[in-house]
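Each chain, letter by letter, is given below.
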Amino acid sequence: MTLERARIGRRAEELAAAHLEARGFRIVARNWRRPEAELDLVADIAADGETTRVFVEVRSRTGREFGDPLESVDPRKRSRVIRAARLFLNEEQTAASGYRFDVVGVTFFEDGTPPECVHVVDAFQVES
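Rules used throughout
- Residues numbered from 1 in each chain as written.
- Predicted model: local features only at pLDDT ≥ 70, side-chain atom pairs only at ≥ 80, totals over all residues.
- Heavy atoms only, no water.
- Helix = DSSP H or I, 4+ residues; strand = E, 2+ residues; numbered from the N terminus.
- Contact = heavy atoms within 4.5 Å.
- Buried < 20%, exposed > 50% of the residue type's maximum accessible area, 1.4 Å probe, protein only.
- Pairing = 2+ DSSP bridges.
- Right-handed = clockwise from strand over helix to strand, strands pointing away.
- Patch = residues over 30% accessible without salt bridge, like charges linked within 9 Å, V, L, I, M, F, W, Y side chains within 5 Å.
- Areas by Shrake-Rupley, 256 points an atom, 1.4 Å probe, with all protein chains shown as cover.
- Salt bridge = Lys/Arg side-chain N within 4 Å of Asp/Glu carboxyl O.

(A) Looking closely at the environment of Thr107. Within the element layout of this structure, Thr107 appears in strand S4 (residues 98-108). When residues no more than four places from it in sequence are discounted, the contact partners of Thr107 are Arg61, Gly63, Arg64, Pro69, Pro115 and Glu116.

As structure tokens, this is what we get:
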């Protein structure tokens, strides 16, 4: 990965975390890594007295010429995120009553337009 791609990825994760926190999420982990898996963001959200653990995949693009960042969450990526979430749940304590998988797509623009942040709630599920 080039330094520029890494910088863009870090910036996208920072924007995604800020976006989620502004909507009431509590970030519990950033860049959680194990040799066999990684998670961009892990957050909790409370509603109706229940807490949900949310595993958030952050995807970014510079401009639109290569498509929407959300399109890059293919079956292989979903499988990796699910595997990482299982590891996380096995290692970390939580009082959450459930979990889900969200995706945040961040598009950066070179013309000075502010970055666009799109949050897809419950973007995919674990298939049995």
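(B) Representation of the pairing of S4 in the model. By the criterion of burial, S4 is predominantly enclosed, with nine of the eleven residues buried. Examined bridge by bridge, strand S3 (residues 50-62) and S4 share eleven bridges and lie parallel to one another. Its bridge partner being in S4, Arg59 is matched across the sheet by Gly105. In this view, the connection linking S3 to its parallel neighbour S4 by way of helix H2 (residues 75-91) has right-handed handedness. Sheet topology places S4 next to strand S5 (residues 116-124); six bridges connect them, and they run antiparallel.

(C) A nonpolar patch on the surface, seen in detail. A cluster of nonpolar side chains, namely Leu89, Tyr99 and Val126, defines an oily patch on the protein surface of about 240 Å² accessible area. Within the secondary structure, Leu89 is located in helix H2. Look at Leu89 and you get partly exposed, because its relative accessible area is 33%.

(D) Main features of the pattern of salt bridges. Evaluation of the coordinates by the stated rule reveals nine salt bridges. With a closest N to O distance of 3.6 Å, Arg11 and Glu14 form a salt bridge. On the criterion of helical spacing, the pair formed by Arg11 and Glu14 is a turn pair, its members being three residues apart in helix H1 (residues 3-22). One salt bridge in this structure joins Lys77 and Glu57, with 3.6 Å as the shortest N-O distance. Placement of Lys77 in helix H2 and of Glu57 in strand S3 is noted, with a sequence separation of 20 residues between them. Both residues of the pair, Lys77 and Glu57, belong to the buried class. Connected through salt bridges with shared partners, the residues Arg26, Asp44 and Arg53 form a single ionic network.

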